[in-house]
Amino acid sequence: MKQWKTILAAAALALASSTAAMAARTDLVLGMPLEPPHLDPTAGAAAAIDEVLYANVFEGLTRIGSRGEVLPDLAESWTISDDGKTYTFKLRSGVKFHDGSDFDASDVKFSLDRARGETSVNAQKGLFAPIDSVEVVDPATVKVTLKNPLGSFLYNLGWGDAVIVAPETAETNKEKPVGTGPFKFQNWAKGSSITLVKADGYWGDPVALDKAEFRIIPDAAAAIPALLSGDVQALPNFALGDALAQVKADPRFKVVIGTTEGETVLSTNNKRPPFDNLKVRQAIAHALDRKALIDGATGGLGTPIGSHFAPHNPAYVDLTGTYPHDVAKAKELLKEAGLPDGFKATLKLPPVGYARQGGEIVASQLREIGIDLQIIPVEWADWLKQVFTDKDYDLSIVSHTEPNDIDIYARKDYYFNYDNPAFNKVIDELNLTSDEAKRAELYKQAQKILADDAVNGFLFELPKVGIWDAKVEGLWENSPIQANDLTKVKWAD
């Protein structure tokens, strides 16, 4: 009898071990090249903030889906007045913030008023400028009245900059973010990783992952062994260069080349001499060899652009032929600008591979026409302050990953220092237009003005190179918004 008990106990142990082995994993480690400067999407322009927190920790009234579509989020439905100016949102019930406090219409009013207020530090404050008033009708209903109809309003509310925060925790979200999403913040080991865990009592569909760690890996060379060893299971947006072929050949991994909203540009200070001279900017445009840049900075995976617009957008116009690569023409334009011997300038580069590698190539190409660039590598926080905020730069290279953001060229005091009344007029009309055909025509006009003015050196659309364990499902293949949405991510059984 004792022998049978021993056999049964062993069988039970084997069955338990087998069941445990068959159970799908519920943890995931994702590698990312840049560490966020802080963790508040409503107070910073860095894409890395949204890449960790968007849809995971923080939610908005609406959200952007994997195909770029507008979906309900904290607002389950809405109605729009006949004049297109008043939006009445019906909010979801039973929603709580991660600290246990209730979400209601007062939080929506606080968040939208804070984003558009005089003291707002929201990087996309302009998105909220059309709002005239925000009214709490009842705890589950909020009414937003616009100054004018705005065709993109629901889309704009889906940006990471428009997520809803609570007044009690808004000031501490940079270090300890508190949202309403399916994951809650657990820990930030500065310089190393950010950890999220499954939030109890989430209002929506439960997520499959219990824990997600975003591991900071600035060097692509370090990402390879981490991936191959299984220490990291996903690199959702990582340029691996020559190593990509090695990973592609390994059946343990899935490699997905997708698209982003990342218009990569040679950012130009349009008010600083000699870049305030159109002929100088045109000379630079002619000097740039996009193919060489794409080959050198993206491993040949980027898509050339001639204006600030994503090639996958239906309203895209191919304007890459506006200023074709022509060194002789570039030299001629510099001579016409009174600079036959060229000039010296600075090129400030943030710490991302496409910028650092692309910067070396741009400097070499501009050297051919007599423009001698001093390359100044800067850390991300320094780039945000010196270039983006203080506008203390000549040239830079950065990918603008915000969705459908051609309107930034109409913003006063934006870091390009560009001001064209004709362009501003097109954007003003676009903002008042809801008809999609008319909006597409206006987008085309706006693209052409920017291309003709050579506002920036328009280089390429940043590719999304995703590599992850073949058993991981649900990661986004494309990036219609800067995010690593984990809400549908799971391990295959």
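As a reminder, the structure under discussion sits directly above these lines.
These numbers were taken from a predicted model, which means no experiment stands behind them.

Peer 1: Explain the environment of T169 here, please?
Peer 2: Relative to the helices and strands, T169 is located in the loop between α4 (153-156) and β8 (183-189). The contacts of T169, once residues within four sequence positions are left out, are D99 and V178.

Peer 1: Can you walk me through the packing of helix α12 (residues 421-431) against helix α13 (residues 436-453) in this structure?
Peer 2: For any two helices packed against each other, the geometry is given by the interaxial angle and the distance between the axes. One way to put it is that α12 packs onto α13 with a least axis distance of 10 Å and a crossing angle of 160°. In terms of their interaxial angle, α12 and α13 are classed as roughly antiparallel. Seen along the crossing, α12 lies across α13 with a hand that is left-handed. Contacts between α12 and α13 pair A422, F423, V426, I427, E429 and L430 from the former with K438, R439, L442, Y443, Q445, A446, I449 and L450 from the latter. The residue makeup of the contact of α12 with α13, split by class, is 10 nonpolar, 1 polar and 3 charged.

Peer 1: How should the sheet that holds strand β6 (residues 131-138) be read in this particular structure?
Peer 2: Two orientations exist for strands paired in a sheet by backbone hydrogen bonds: parallel and antiparallel. Read from one edge of the open sheet, 4 strands run β4-β5-β7-β6, paired in antiparallel fashion. Lying at the two open borders of the sheet, with one neighbouring strand each, are β4 (75-80) and β6. Each strand axis lies, on average, 20° off the axis of its neighbour in the sheet, ignoring direction. Alignment of strand β5 (residues 86-91) against strand β7 (residues 141-146), held across 5 bridges, turns out to be antiparallel. Directly across from F89, in β7, lies its bridge partner V142. Across the sheet, helix α3 (residues 105-116) lies against β5, β6 and β7, angled at about 170° from β6, the strand it touches most.

Peer 1: I tried to follow the sheet that holds strand β13 (residues 263-268) on my own but got confused; where do I start?
Peer 2: Strand order in this open sheet of 6 strands is β14-β18-β13-β17-β15-β16, and the pairing throughout is mixed. Edge strands, defined here as strands with exactly one partner in the open sheet, are β14 (303-304) and β16 (371-377). Where strand β15 (residues 343-349) lies against β16, 7 bridges are found, and the strand directions are parallel. When the bridges of β16 are listed, A345 appears paired with L373.

Analysis parameters
- Residues numbered from 1 in each chain as written.
- Predicted model: local features only at pLDDT ≥ 70, side-chain atom pairs only at ≥ 80, totals over all residues.
- Heavy atoms only, no water.
- Helix = DSSP H or I, 4+ residues; strand = E, 2+ residues; numbered from the N terminus.
- Contact = heavy atoms within 4.5 Å.
- Axes fitted to C-alpha atoms, helices over the stretch in contact; angles between N-to-C directions.
- Parallel < 35°, antiparallel > 145°, perpendicular 65-115°, else oblique.
- Left-handed = near helix turned anticlockwise from the far one by under 90°.
- Nonpolar A, V, L, I, M, F, W, Y, C, P; charged D, E, K, R; others polar.
- Pairing = 2+ DSSP bridges.

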